[in-house]
Amino acid sequence: MNSLLAVQLVGLGGALGSVLRYGAYAALPTDGYPFATLLVNVLGSFLLGVVTFGGAGDGAALFVGVGVCGAFTTYSSFSVDVVRLWERGRRSHAAAHAVGNLALSLLAVGAAWALVSV
Amino acid sequence: MGRLLAVGPRRHALDVAVVAGGGYLGANGRYGISLLVPGTLEATLLVNVLGSFLLGALVYRRVVVGALSSRLRLLFGTGFLSSFTTYSTFVLDATSHPESAVPYVLASYALGFGAVLLARWILRRPATPGRGRNDGGDRE
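No experiment lies behind these values; they were computed from the predicted model shown.

Mind showing me how you'd approach the interface of chain A and chain B here?
You'll often see interface size given as the accessible area lost when the parts meet. Facing 51 residues of chain A, the contacting portion of chain B comprises 50 residues. Summed over both partners, the interface of chain A with chain B comes to about 4100 Å²; 64% of that surface belongs to carbon and sulfur atoms. Together, A:Tyr22, A:Tyr75 and A:Arg84 form the three largest contributors to the area buried by chain A at its contact with chain B, with a combined 20%. The tally of links between chain A and chain B comes to one salt bridge. A salt bridge links B:Arg120 to A:Glu87; the nearest nitrogen and oxygen atoms lie 2.5 Å apart. For the interface between chain A and chain B, the tally reads 20 residue pairs in polar contact (both at pLDDT 80 or more). When residues of the side of chain A that touches chain B are traced back to their parent elements, those giving at least two are helix H1 (3-27), helix H2 (35-53), helix H3 (58-72), helix H4 (76-87) and helix H5 (91-117) of chain A.

This is the structure we're talking about:
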């Protein structure tokens, strides 16, 4: 694939994923537990699992996988969430966030694999 | 959603465009690094740790200094950095490399949190004890 097309696919997917994530953060409360981060990471991991295990072509892998899923999910907000919860004394929430994002995202990847395999 | 609609459709449309532009660049930044760095685990680890440091710097800069326009935060934080870093690839990579999954996850967590704490430490250093430290309720 020519690299200009690849950049467009990744970039437009990234723009779409970012706007969808922005919508999720606007729709969910942000003053208590960071549910929005958990939601985007689990949903995005599921979708990336579907794309990966479903054997997507190069174009779909770049647009949906690298672009939409990569941008919809976020590691930086996750890291900052955990540190902010911890420093405010909500240590059980911080630990639950660190473990929960991973456990539920792994579960989502497993569900995607099961869905594609049947 | 009410909060978004309340600011008016034109401003809202501009906010969405700013997030989209940041997301376009962030996803390509991540893609570019994945082409430059040999090894998908290493490339993802690099963007996640670097992005965590920079978002930490953005958030603590606001906590300490207070000033950063909301649109710049949307561009760099919500748009660029959150798109530059990725959780989905992190999880998929861990499952597809079972032999190194545990050290990879532990390294990503330790370095990601460490990067935020480093940004926090750097930005909070000049604060005098008990003054100018606003742990306020706002967050990215």
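It is not clear to me how the layout of surface pockets should be interpreted in this structure. Could you clarify?
Rolling a probe over the atoms, with the probe sized like a water molecule, indicates the empty space that remains. Estimated volume of the second largest pocket: approximately 530 Å³. Contributing elements (two or more residues each) for the lining of the second largest pocket: H2 and H3 of chain A together with helix H2 (9-36), helix H3 (40-64) and helix H5 (88-96) of chain B. Looking at the lining of the second largest pocket residue by residue, the classes come out as twelve nonpolar, ten polar and two charged.

How do you make sense of the environment of A:Gly70 when you look at a structure like this?
Within the fold, A:Gly70 resides in helix H3. Spatially, the C-alpha atom of A:Gly70 lies 20 Å from that of A:Met1, the residues being 69 residues apart in sequence. Each residue touching A:Gly70, except ones within four places of it in the same chain, is listed here: A:Gly65, B:Arg30, B:Ser82, B:Ser83, B:Thr85, B:Thr86 and B:Ser88.

Explanation requested: the UniProt feature "transmembrane region" (unreviewed entry) in chain A in the structure shown.
Residue and element names in this part refer to chain A. On the UniProt side, "transmembrane region" (unreviewed entry) is annotated at positions that read residues 33-53, 60-78 and 98-116 here. In this annotation, residues 33-53 is assigned 90% helix and 0% strand; the end-to-end C-alpha distance for the span is 32 Å. Secondary structure within residues 60-78 divides into 84% helix and 0% strand; the distance between the first and last C-alpha atoms comes to 26 Å.

Is there a simple way to think about the environment of B:Ala94 in this case?
Residue and element names in this part refer to chain B. Structurally, Ala 94 is set in helix H5. Residue Ala 94 is classed as buried on the basis of its relative accessible area, which comes to 8%. Taking the C-alpha atoms as reference points, Ala 94 and Val 105, eleven residues apart in sequence, are found 7.1 Å from one another. Apart from the residues lying within four places of it in its own chain, the contact partners of Ala 94 are Ala 101, Tyr 104 and Val 105.

Please clarify how the packing of aromatic side chains should be interpreted in this entry.
To describe a pair of aromatic rings, one takes the distance between the centres and the angle between the planes. Per the counting criterion, the structure on display carries twelve aromatic pairs over all chains. Ring plane angle 80° and centroid distance 5.3 Å describe the contact between A:Tyr75 and B:Phe90, whose orientation is recorded as edge-to-face. With one member in each of two chains, A:Tyr75 in the loop between H3 and H4 and B:Phe90 in helix H5 form a pair that bridges those chains. What links up through ring pairs into an aromatic cluster is the set A:Tyr75, A:Phe78, B:Tyr87, B:Phe90, B:Tyr104, B:Tyr109 and B:Phe113.

It is not clear to me how the UniProt feature "transmembrane region" (unreviewed entry) in chain B should be interpreted in this structure. Could you clarify?
With numbering matched to this structure, UniProt assigns "transmembrane region" (unreviewed entry) to residues 12-31, 43-60, 72-92 and 104-123 of chain B. Here residues 104-123 of chain B is 100% helix and 0% strand, with 28 Å between the C-alpha atoms at its ends.

Sorry, what's going on with the packing of H1(A) against H2(A) here?
When two helices pack together, their arrangement is captured by the angle between the axes and the distance separating the axes. Residues and elements named next belong to chain A. The N-to-C vectors of H1 and H2 enclose an angle of 145°; their axes lie 9 Å apart at closest approach. For the crossing formed where H1 meets H2, the hand is right-handed. Taking contact as the criterion, the partners of Arg 21, Ala 24 and Tyr 25 in H1 are, on H2, Ala 36, Thr 37 and Val 40.

Sorry if this is basic, but what is going on with the pattern of salt bridges here?
A side chain with one charge can pair with a side chain of the opposite charge if their charged atoms come near. Following the criterion strictly, the structure yields three salt bridges over all chains and no others. Connected through shared salt-bridge partners, A:Arg84, A:Glu87 and B:Arg120 make up one network.

What is the right way to read the side chain of B:Thr89 from this model?
On the secondary structure map, B:Thr89 appears in helix H5. If we skip the residues at most four places from it in the chain, B:Thr89 touches A:Leu48 and B:Thr44.

Where do I start with the nonpolar core in this structure?
A general feature of soluble globular proteins is that nonpolar side chains tend to end up buried together. A:Phe78, A:Leu102, B:Tyr87, B:Phe90, B:Tyr109 and B:Phe113 are the most contacted members of the largest nonpolar core, which totals 29 residues. Put simply, the parts of the chain that give this core at least two residues each are H4 and H5 of chain A together with H3, H5 and helix H6 (101-124) of chain B. A total of six residues in this core trace back to one element, the largest contributor, which is H6(B). Among all residues touching B:Tyr109, those that are not within four sequence positions of it are A:Tyr75, A:Phe78, A:Ala98, A:Leu102, B:Tyr87, B:Phe90 and B:Gly114. In terms of nonpolar packing, the next biggest core, distinct from the first, is built from six residues, A:Leu9, A:Val10, A:Leu62 and B:Tyr31 among them.

The rules behind each value
- Residues numbered from 1 in each chain as written.
- Chains lettered and ligands numbered in written order.
- Predicted model: local features only at pLDDT ≥ 70, side-chain atom pairs only at ≥ 80, totals over all residues.
- Heavy atoms only, no water.
- Contact = heavy atoms within 4.5 Å.
- Buried area = accessible area lost by both parts, 1.4 Å probe.
- Salt bridge = Lys/Arg side-chain N within 4 Å of Asp/Glu carboxyl O.
- Polar contact = N/O pair within 3.5 Å; in protein donor to acceptor, adjacent residues only side chain to side chain.
- Helix = DSSP H or I, 4+ residues; strand = E, 2+ residues; numbered from the N terminus.
- 1 Å grid on protein atoms, 1.4 Å probe; cavity = no way out; pocket = protein on both sides within 12 Å on 5 of 7 lines; lining within 4 Å.
- Points joined across faces, edges and corners; volume = space filled by probe spheres on them.
- Nonpolar A, V, L, I, M, F, W, Y, C, P; charged D, E, K, R; others polar.
- UniProt positions renumbered as here; feature names shortened; annotations may be inferred.
- Buried < 20%, exposed > 50% of the residue type's maximum accessible area, 1.4 Å probe, protein only.
- Phe/Tyr/Trp six-rings, centres within 6.5 Å; stacked < 30°, edge-to-face > 60°.
- Axes fitted to C-alpha atoms, helices over the stretch in contact; angles between N-to-C directions.
- Left-handed = near helix turned anticlockwise from the far one by under 90°.
- Core = buried A, V, L, I, M, F, W, Y, C linked by side-chain atoms within 4.5 Å.

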